[in-house]
Amino acid sequence: MFDPTIYENLKVVLEGELYDLDLQGTIEIVNRKDLIDMATMSRIFSIEWKRTDQQTLYPTAELVMTANLEDFALEKIDHDVHRSGCDIRVHLIHYIANEEQCYTIKQKINTIWNNRPLITQKVYYDIGAKEKNQLCQTTLSFNRKINEENIKDLNGIISFTVHSLER
């Protein structure tokens, strides 16, 4: 019988948690990707959602989980479940009027997440557009591998992300 990888087990848990929230009407899932990169033999799963009460696409949250060939080899060949696992990042994307709002977003997120994840931000806008609709992408990185020992942490990551989107 096929033994699923850490990546597949975590993906099932993430999808289940998020689709449950979608069915409850807490969030609305707007995009989902499950990709295999044949050049690097890596896998990428991403799922994007927004609040159900908003009329526009933004703000949105995207949870991205990746596993590469090294992770697979550590798990399946070396049987090292402590060093193998997946990387998880969260992207929060908001409309902003100016870059100063990014600092406010970062402060609020640090308060919600208790200064734990590493936060980076990027600002996007169309050059030459009459209306300067800027987007701030705030990325939360956890700088550690997540594996089946951390399954309970996934619920917290989802909960904090939903709360961050509401704020």
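Up top you'll find the structure we're talking about.
Description of the structure in this document.

Rules of the game
Residues numbered from 1 in each chain as written. Predicted model: local features only at pLDDT ≥ 70, side-chain atom pairs only at ≥ 80, totals over all residues. Heavy atoms only, no water. Buried < 20%, exposed > 50% of the residue type's maximum accessible area, 1.4 Å probe, protein only. Helix = DSSP H or I, 4+ residues; strand = E, 2+ residues; numbered from the N terminus. Pairing = 2+ DSSP bridges. Core = buried A, V, L, I, M, F, W, Y, C linked by side-chain atoms within 4.5 Å. Contact = heavy atoms within 4.5 Å. Expected span 1.5 Å × (residues − 1). Patch = residues over 30% accessible without salt bridge, like charges linked within 9 Å, V, L, I, M, F, W, Y side chains within 5 Å. Areas by Shrake-Rupley, 256 points an atom, 1.4 Å probe, with all protein chains shown as cover. Salt bridge = Lys/Arg side-chain N within 4 Å of Asp/Glu carboxyl O. Axes fitted to C-alpha atoms, helices over the stretch in contact; angles between N-to-C directions. Left-handed = near helix turned anticlockwise from the far one by under 90°. Nonpolar A, V, L, I, M, F, W, Y, C, P; charged D, E, K, R; others polar. Phe/Tyr/Trp six-rings, centres within 6.5 Å; stacked < 30°, edge-to-face > 60°.

Most of strand β3 (residues 60-67) sits out of view: eight of its eight residues are buried. Alternating residues of β3 divide into Thr60, Glu62, Val64 and Thr66 and Ala61, Leu63, Met65 and Ala67, and every residue in both groups is buried. With eight bridges connecting them, strand β2 (residues 42-51) and β3 associate as antiparallel partners. Among the inter-strand pairings, Ser46 is bridged to a residue of β3, identified as Val64. With seven bridges connecting them, β3 and strand β4 (residues 87-96) associate as antiparallel partners. Residue pairing in the sheet places Ala61 in a bridge with Leu92 of β4.

Right, let's get into the nonpolar core. Here is a general trend for soluble globular proteins: nonpolar side chains tend to be buried in one another's company. One finds Leu18, Trp49, Leu63 and Met65 to be the most contacted residues of the largest nonpolar core, which totals 35 residues. For this core, the secondary structure elements donating two or more residues are α1 (6-24), β1 (27-37), β2, β3, β4, α3 (100-113), β6 (134-141) and α4 (151-166). Those residues in contact with Leu18, other than ones at most four positions away along the chain, are Ile27, Ile29, Ile47, Trp49 and Ile158.

Moving on to α1. Taking 1.5 Å as the rise per residue, α1 with 19 residues should run 27 Å; its terminal C-alpha atoms sit 27 Å apart, in good agreement. When we look at burial in α1, the residues that qualify are Ile6, Tyr7, Glu8, Leu10, Lys11, Leu14, Glu15, Leu18 and Leu21. Of the surrounding secondary structure, the elements contacted by the buried residues of α1 are β1, β2, β3, α2 (69-76) and α4. Gly25 lies just past α1 and shows a positive phi near 85 degrees.

Moving on, we get to a nonpolar patch on the surface. Taken together, the side chains of Ile36, Met38, Met41, Leu69 and Phe72 define a hydrophobic patch exposed on the protein surface, amounting to about 530 Å² of accessible area. Counting through the fold element by element, Met38 comes out in the loop between β1 and β2.

Taken together, the six strands give an open sheet; going across it, the order is β1-β2-β3-β4-β6-β5, and neighbouring strands pair in antiparallel fashion. The open sheet terminates on both sides in strands that have one partner only, identified here as β1 and β5 (118-124). Between one strand axis and the next, the sheet turns through 20 degrees on average, direction left out of account. Bridge count between β5 and β6: seven bridges; the pairing is antiparallel. Directly across from Tyr124, in β6, lies its bridge partner Leu135. Along the sheet, α1 contacts β1, β2 and β3; its crossing angle with β1, the most-contacted strand, is approximately 165 degrees.

To continue, consider the packing of α1 against α4. For the pair α1 and α4, the least separation of the axes is 10 Å and the interaxial angle reads 40 degrees. Crossing of α1 against α4: the hand is right-handed. Counted together, Leu10, Val13, Leu14, Glu17, Leu18 and Leu21 of α1 and Ile151, Leu154, Asn155, Ile158 and Val162 of α4 form the full contact between these two elements. A breakdown of the residues in the contact of α1 with α4 according to their chemical character gives nine nonpolar, one polar and one charged.

Let us now look at the packing of aromatic side chains. Under the definition given, this model contains three aromatic pairs. Consider the rings of Tyr58 and Tyr95, whose centres lie 5.2 Å apart with planes at 80 degrees: the pair is edge-to-face. Of this pair, Tyr58 sits in the loop between β2 and β3 while Tyr95 is found in strand β4, placing the two residues 37 residues apart along the sequence. Here Tyr95 falls in the partly exposed class, since its relative accessible area comes to 45%. Aromatic side chains Trp113 and Phe160 sit 5.1 Å apart centroid to centroid with 40 degrees between the ring planes, which places their arrangement in the tilted category. One end of the pair, Trp113, is in helix α3; the other, Phe160, is in helix α4, with 47 residues separating them in the sequence. What makes Trp113 buried here is its relative accessible area of 3%. Taken together through their ring pairs, the aromatic side chains of Trp113, Phe142 and Phe160 make up a single cluster.

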